[in-house]
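In case you want the letters, here they are:
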Amino acid sequence: FMEPSELSDLSDALASARADEEAAEKAVLVDLSSTVGRWSEALQGDLGSLDQLDLFNAAARLGLKMRGSIPQLIDLPGDQLHLRGLRHPLLCLQPAPVVPNQLELACGQGLLVTGANAGGKTIAVTAAALCVLMARHGLLPPLDPDSRLPLFSSVAVVLGDEQDLAAGDRKSVV
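Let me sum up the structure you'll find in this document. It should be emphasised that the depicted structure is a prediction, and the values quoted were computed from it without experimental measurement. (Residues numbered from 1 in each chain as written. Predicted model: local features only at pLDDT ≥ 70, side-chain atom pairs only at ≥ 80, totals over all residues. Heavy atoms only, no water.)

What follows concerns the overall build of the chain. When helices and strands are counted, the chain shows four helices and four strands. The helix and strand sequence of the chain, counted from the amino end, reads α-α-β-β-α-β-α-β. Across the 174 residues of the chain, 22% fall into the buried class. Within the chain, contacts between residues at least 6 apart in sequence are counted, and of these 63% link residues at least 24 apart. A total of about 12,400 Å² of accessible surface is found on the chain, and carbon and sulfur atoms cover 59% of it. (Helix = DSSP H or I, 4+ residues; strand = E, 2+ residues; numbered from the N terminus. Buried < 20%, exposed > 50% of the residue type's maximum accessible area, 1.4 Å probe, protein only. Contact = heavy atoms within 4.5 Å. Areas by Shrake-Rupley, 256 points an atom, 1.4 Å probe, with all protein chains shown as cover.)

Let's shift gears to the pattern of salt bridges. It is possible for side chains bearing opposite charge to pair when their charged atoms get close. Under the definition given, this model contains two salt bridges. Glu 104 is the partner of Arg 84 in a salt bridge, and the nearest nitrogen-oxygen pair spans 3.2 Å. Note that Arg 84 is positioned in strand S2 (residues 81-86) and Glu 104 in strand S3 (residues 101-105), a separation of 20 residues in sequence. (Salt bridge = Lys/Arg side-chain N within 4 Å of Asp/Glu carboxyl O.)

Inspection of every chain in the model, using the stated rule, returns one cavity of 30 Å³ or more. Quantified by volume, the largest cavity comes out at close to 30 Å³. In terms of residues, the lining of the largest cavity owes the most to one element, helix H4 (residues 121-136), which gives three residues. (1 Å grid on protein atoms, 1.4 Å probe; cavity = no way out; pocket = protein on both sides within 12 Å on 5 of 7 lines; lining within 4 Å. Points joined across faces, edges and corners; volume = space filled by probe spheres on them.)

Following the sequence through the fold, Glu 3 ends up in the segment before helix H1 (5-38). When near neighbours in sequence (up to four residues on either side) are disregarded, Glu 3 contacts Ser 8 and Ser 11.

A few words on the nonpolar core. If you look at the biggest cluster of nonpolar residues, it comprises twelve residues: Leu 81, Leu 83, Leu 86, Leu 103, Leu 105, Ala 127, Ala 128, Cys 131, Val 132, Ala 135, Leu 143 and Leu 149. Elements with a minimum of two residues in this core: S2, S3 and H4. If near-sequence neighbours (up to four positions away) are discounted, Ala 135 is found in contact with Pro 71, Leu 73, Pro 141 and Leu 149. (Core = buried A, V, L, I, M, F, W, Y, C linked by side-chain atoms within 4.5 Å.)

Let us now look at the pairing of S2. With five of six residues buried, S2 is to be regarded as a mostly interior element. Of the pairings in the sheet, the one linking S2 to S3 comprises four bridges and is antiparallel in character. Looking at S3, one finds that Leu 83 is bridged to Leu 103. (Pairing = 2+ DSSP bridges.)

So, about H4. Under the 1.5 Å per step criterion, the end-to-end length of H4 is 23 Å for 16 residues, consistent within 8% with the ideal 22 Å. Those residues of H4 that sit buried are Ile 123, Ala 124, Thr 126, Ala 127, Ala 128, Ala 129, Cys 131, Val 132, Met 134 and Ala 135. Buried residues along H4 sit against strand S1 (72-74), S2, helix H3 (89-92), S3 and strand S4 (148-150). Looking one or two places after H4, you find Gly 138, whose phi comes out positive at around 80°. (Expected span 1.5 Å × (residues − 1).)

Take unusual backbone geometry next. Despite not being glycine, Arg 67 has its phi angle at roughly 55°, a positive value. When you line up the elements, Arg 67 lands in the loop between helix H2 (40-65) and S1.

Before going further, it helps to examine the side chain of Ser 147. Tracing the backbone shows Ser 147 in the loop between H4 and S4. A polar contact of 2.9 Å, which involves the side chain of Ser 147, links it to the backbone nitrogen of Arg 84. The contacts of Ser 147, once residues within four sequence positions are left out, are Pro 71, Gln 72, His 82, Leu 83 and Arg 84. (Polar contact = N/O pair within 3.5 Å; in protein donor to acceptor, adjacent residues only side chain to side chain.)

In this section: a nonpolar patch on the surface. On the surface, Leu 47, Leu 50, Leu 53, Leu 55 and Phe 56 cluster together to form a nonpolar patch covering roughly 520 Å² of accessible area. Mapped onto the elements, Leu 50 comes out in helix H2. (Patch = residues over 30% accessible without salt bridge, like charges linked within 9 Å, V, L, I, M, F, W, Y side chains within 5 Å.)

Applying the stated criterion across every chain, the model contains zero disulfides. There is no disulfide at Cys 92, and the cysteine sulfur nearest it, in Cys 131, is 7.7 Å away. (Disulfide = S-S within 2.5 Å.)

Structure, rendered in structure tokens:
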């Protein structure tokens with residue numbers, strides 16, 4: 001291939017400009033790397049803060065999506081559990097409307113749930129347990145704001161069989 005002499009000067013100028021561009025890009029990257037290196041400790045701290053902000057943002061967005069609220073957290077022995085507008089968190093994330101439940105228990109009371117198959121027993125009990133756990137971990141559970149949650153020292157969990165609540169199988173237990 002023979003390059004016409006008229007293009008030879010232009011081709012050399014283009015190659016020189018590309019080399020200058022690469023050198024300038026390298027100088028900028030070296031300068032940026034040096035700056036990042038000088039600020040690395042502060043940036044590591046900022047990264048931890050950004051992680052926390054991202055977590056808080058995700059928790060808030062989840063709470064909004066589930067129409068969650070901040071229940072009154074109580075730490076008084078003998079106080080009552082009042083879950084008003086109780087909705088199962090997984091069902092709140094689906095497009096179908098969710099029928100809320102109410103659950104009230106005095107300290108020392110047990111709960112016996114009976115009813116027909118597919119009547120919502122497991123959903124209600126599971127929703128209550130998940131809402132208690134969500135509140136303990138700083139999430140907005142899908143409850144009405146006038147709900148009252150004692151700060152339980154522990155929550156026992158029994159997982160049922162392999163059925164899927166999201167797919168309409170309603171036999172998982174928490």
